[in-house]
Amino acid sequence: MTELSWAQVSARRLQRHRLCPPAEPVSDAAPDVGRLADVVSVMCGAHAQIASAAELSVGLRVPGATRALVRRALWTDRTLVKTRGPRGTVHLLAAADLPMWVGALSALPAPPWERSVVLLTPRQTEQVFAAIADAVAEADLTTAELTEEIVARTGPWAGDLVMEAFQDKWPRWVAAMTAATRGGVICFGPNRGRATTYTSPARWLPDFAPMPGRAALAALVRSYLYAYGPATPAQFARWLGVAPPWATGLFESVDLTEVTVEGTRAWVPVDDAEFPDDEPSGLRLLPYFDAYAVGCHPREQLFPGAAAERALAGGQAGNYPVLLIDGVVAGVWHQRRSGRTIQVTVEPLWALDPGRQRQLAEEVERVGQILEGHATLTIGRVSVGPHA
């Protein structure tokens, strides 16, 4: 059995997440939009609940990229798609991967909370799906507009305000929204002012058809292990939001090989078991819910010692933007924007030598370029609490 060090695992993940220092000099030419989709595909999606964090997460992995380029890839070239991915959370996914994602997510066992509240009969759910698909086929619709279209196609029952929504009520049809998104019926469209819109994934992929469930799940396991392996079924289950026993059965159905990482058993695909001898290197500022911080395990290796206390929120990764040095979390940071000025405060967990301070200044400058502003650096205490 192959025995691996944490350094080998960390170096491989950094390389695959495009978080190592560039091997070649950065060109002055604008990057191809397709490169962003390639990077998002390798990451298994970029968390996009916070739009600016998603733009930064993708942009920092592609030299020369800006938030405008990410938006162009998403809304103009449509090489990226905004929808719900792992754990049902909003993600940017590579449009070319959408058949795999929809096929895999549709094949997941329904979470307990979906089974516990039944607001729609199977027949009503089918009607809502059909109404959604028809309504968004050629349009970007707000929730209110979509409700009007669905009620017109199904009946008043679809608009009954019966679904709990914080301190309000949502219309009955919204109970089918998660399943409709998971099934590739609907995805996010561009915001209209402050209003969210929804549209059809077929506008991104005209010949869109979900991959068969079993093949899609196997492909998703391989994609996950390419980005985050070696990993265990329990770690995959946490990333995807499924029960560990179900994930164990899925791992057993895929052609994987067992390795050990400093004595702990984990798995990688049989044909992807090579690891570098390089040491993990580089300094990066990862935004809220960056895929690397959220998806990599074990936590105690990625967030060693004081990092776990400072950069995790109840054991949850992603709630703080983090300073990453040589593949491990070494602090937290925060940005505050006013016009084009972006004030970046970084709180390292230990003193940075002059070389690291130069790298940090360069990284802050890059953050400003990606977000199309001018970033300034302050090294000091970050007083902002974790994001919910």
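Just so it is clear, the model here is predicted, and its values are computed rather than measured.

As a further point, take the pattern of salt bridges. Pairs may arise between side chains of opposite charge once their charged atoms sit close together. According to the stated counting rule, one finds 19 salt bridges in the structure shown. When the shortest N-O distance is used, the salt bridge between Arg12 and Asp272 registers 3.6 Å. Remark: Asp272 occurs in the loop between strand E11 (264-269) and strand E12 (283-286) and Arg12 occurs in helix H1 (residues 6-16); sequence separation between them is 260 residues. For Arg12, a relative accessible area of 2% translates into the label buried. Taking the relative accessible area as the measure of exposure, Asp272 reaches 13% and is therefore buried. In this structure, Arg67 and Glu372 form a salt bridge, with 2.8 Å as the shortest nitrogen-oxygen distance. Placement of Arg67 in helix H4 (residues 67-76) and of Glu372 in the loop between helix H16 (354-370) and strand E16 (374-379) is noted, with a sequence separation of 305 residues between them. Via salt bridges that share partners, Arg12, Arg16 and Asp272 belong to a single interconnected network.

The subject of this paragraph is the sheet that holds E16. On the basis of which strands lie adjacent, the open sheet formed by 5 strands has the order E12-E13-E14-E15-E16 and mixed pairing. The outermost strands of the open sheet, each flanked by one partner alone, are E12 and E16. Recorded for the sheet is a direction-independent mean angle of 30° between the axes of neighbouring strands.

A separate point is unusual backbone geometry. With an omega of 0°, the peptide bond running from Gly229 to Pro230 counts as cis. Cis geometry is adopted by the peptide bond preceding Pro298, which originates at His297 and carries an omega value of 0°. Positive phi outside glycine occurs at Arg18, with the angle close to 60°. Inspection of the secondary structure assignment puts Arg18 in the loop between H1 and helix H2 (33-43). Despite not being glycine, Arg87 has its phi angle at roughly 65°, a positive value.

Between its terminal C-alpha atoms helix H8 (residues 143-154) stretches 16 Å, which fits the 16 Å expected from 12 residues at 1.5 Å a residue. Check the buried side of H8 and you find it contacts helix H7 (122-135), strand E5 (141-142), strand E7 (168-171) and strand E9 (195-199). One or two steps after H8, the chain reaches Gly155, where phi turns positive at roughly 145°.

How each quantity is defined
- Residues numbered from 1 in each chain as written.
- Predicted model: local features only at pLDDT ≥ 70, side-chain atom pairs only at ≥ 80, totals over all residues.
- Heavy atoms only, no water.
- Salt bridge = Lys/Arg side-chain N within 4 Å of Asp/Glu carboxyl O.
- Helix = DSSP H or I, 4+ residues; strand = E, 2+ residues; numbered from the N terminus.
- Buried < 20%, exposed > 50% of the residue type's maximum accessible area, 1.4 Å probe, protein only.
- Pairing = 2+ DSSP bridges.
- Axes fitted to C-alpha atoms, helices over the stretch in contact; angles between N-to-C directions.
- Expected span 1.5 Å × (residues − 1).
- Contact = heavy atoms within 4.5 Å.

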